[in-house]
Amino acid sequence: MGCKFEYPDTGIDITQASVAFLISCSGAGSSLLVHKYSTRVVKTKYGALRGVMILIHPPVEAFLGVPYATPPVGSLRYMPPVTPSTWKTTKLADRFGAVCPQRPPDIGNRSEALLEFPRGRLLYLEKLLPLLANQSEDCLYLNIYVPRAEDDSSKDLYEYPVNTEVSIDHQ
């Protein structure tokens, strides 16, 4: 059974979660989009990364599950983020990292959920919830999306705007 992504006219903007849903649906049996490993290796101060290409217009190179800190477990729990360790080989950035522990809304009973959420929001949550299944305290990962040129060359990488938002709240 393939994924079918219907985005009803709800006034909700397509977000990173929507792109994440599209990627999660790109497996066998889906005709939505196909992804392949990027031909480009990006060097960071922590090591080299290879992402995946999302075949939409314009094509997007996605680097999924990129660590931005050491996992906050053990003695690092409840501490400010610590710089991640470096890696020597090219890291495949092709899978989402775990999401931080959270209690998703209860939408198991559709009739009751429709009393609490508008229909469009409920449909969106139904598609989003599978992405929240992998939860862990080890959740300090970024998903980075970079527009690419149609011919997969490195020219015109700045033709499309890139909006990146990272929020770390230390309380």
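All values reported here derive from a predicted model rather than from experimental measurement.

1. Some remarks on the overall build of the protein
Thinking step 1. Looking only at helices and strands, the protein features three helices and seven strands.
Thinking step 2. Counting helices and strands in the order they occur from the N terminus, the protein gives α-β-β-β-β-β-β-α-α-β.
Thinking step 3. Per-residue burial for the protein yields a buried fraction of 31% across its 171 residues.
Thinking step 4. At a minimum sequence separation of 6, the contacts of the protein that also span at least 24 residues come to 63%.
Thinking step 5. Total accessible area on the protein stands at roughly 11,500 Å², and carbon and sulfur atoms take up 54% of it.

2. Some points on the state of the cysteines
Thinking step 1. Applying the stated criterion across every chain yields a total of one disulfide.
Thinking step 2. At a sulfur-sulfur separation of 2.2 Å, the disulfide partner of C100 is C139. The chirality of the disulfide connecting C100 with C139 is right-handed, given an S-S dihedral of about 85 degrees. With C100 in the loop between strand 6 (91–92) and helix 2 (110–116) and C139 in the loop between helix 3 (119–128) and strand 7 (141–147), this pair connects stretches of sequence that are 39 residues apart.
Thinking step 3. C139 gets classed as buried once you look at its relative accessible area, which sits at 11%.

3. Re the sheet that holds strand 1 (residues 35–37)
What holds strands together in a sheet is hydrogen bonding between their backbones, with the strands either parallel or antiparallel.
Thinking step 1. One open sheet holds the four strands; their spatial order is 1-4-5-7, and the pairing between them is antiparallel. Every interior strand has two partners, whereas the edge strands, strand 1 and strand 7, have only one. When the angles between neighbouring strand axes are averaged without regard to direction, this sheet yields 30 degrees.
Thinking step 2. The sheet contact formed by strand 1 and strand 4 (residues 52–54) spans three bridges and is antiparallel. By the bridge assignment, H35 is partnered in strand 4 with I54.

4. Quick notes on the sheet that holds strand 3 (residues 47–50)
Thinking step 1. Strand order in the open sheet formed by three strands is 2-3-6, with mixed pairing between adjacent strands. The two strands at the open ends of the sheet, each matched to only one other strand, are strand 2 (42–44) and strand 6.
Thinking step 2. Looking at chain direction, strand 3 and strand 6 are connected through two bridges and run parallel. Bridging from a neighbouring strand, R50 pairs with L92 of strand 6.

5. A look at the pattern of salt bridges
Thinking step 1. For the structure shown, the criterion picks out four salt bridges.
Thinking step 2. Among the ionic pairs, E137 bridges to R77, the shortest N-O distance being 2.6 Å. Pair noted here: E137 is in the loop between helix 3 and strand 7 and R77 is in the loop between strand 5 (60–67) and strand 6, with a separation of 60 residues, a long-range link.
Thinking step 3. With relative accessibility at 38%, the residue R77 sits in the partly exposed group.
Thinking step 4. The salt bridge partner of R110 is E126, with a shortest N-O separation of 3.6 Å. You can see R110 sitting in helix 2 and its partner E126 sitting in helix 3, a full 16 residues away along the chain.
Thinking step 5. What makes E126 partly exposed here is its relative accessible area of 30%.
Thinking step 6. Among the charged side chains, a network of salt bridges with common partners joins R40, E61 and R148.

Reading the values: the criteria
Each chain has its residues counted from 1, following the order in which its sequence is written. In keeping with the predicted nature of the model, local features appear solely for residues at pLDDT of at least 70, side-chain atom pairs appear and are counted solely at 80 or more, and the whole-chain, interface and lining totals rest on all residues. Here the side-chain values reflect all heavy atoms present in the structure, with hydrogen atoms and water set aside. Strands are runs of DSSP state E lasting at least 2 residues, helices are runs of H or I lasting at least 4, and numbering of each runs from the N terminus. Working definition: with a 1.4 Å probe on protein chains only, accessible area under 20% of the residue-type maximum means buried, over 50% means exposed, and in between means partly exposed. The contact criterion used is simple: two residues touch if any of their non-hydrogen atoms lie within 4.5 Å. With residues, only the protein chains shown are counted as cover, and all accessible areas are computed by Shrake-Rupley using a 1.4 Å probe. Note on terminology: pairs of cysteine sulfur atoms within 2.5 Å are recorded as disulfides. Two strands make a pair as long as DSSP finds a minimum of two bridges between them. Lines fitted to C-alpha atoms define the axes here, with helix axes fitted over just the stretch in contact, and angles between the N-to-C directions of these axes take values from 0 to 180 degrees. Definition used for salt bridges: Asp or Glu carboxyl oxygen within 4 Å of a side-chain nitrogen of Lys or Arg.

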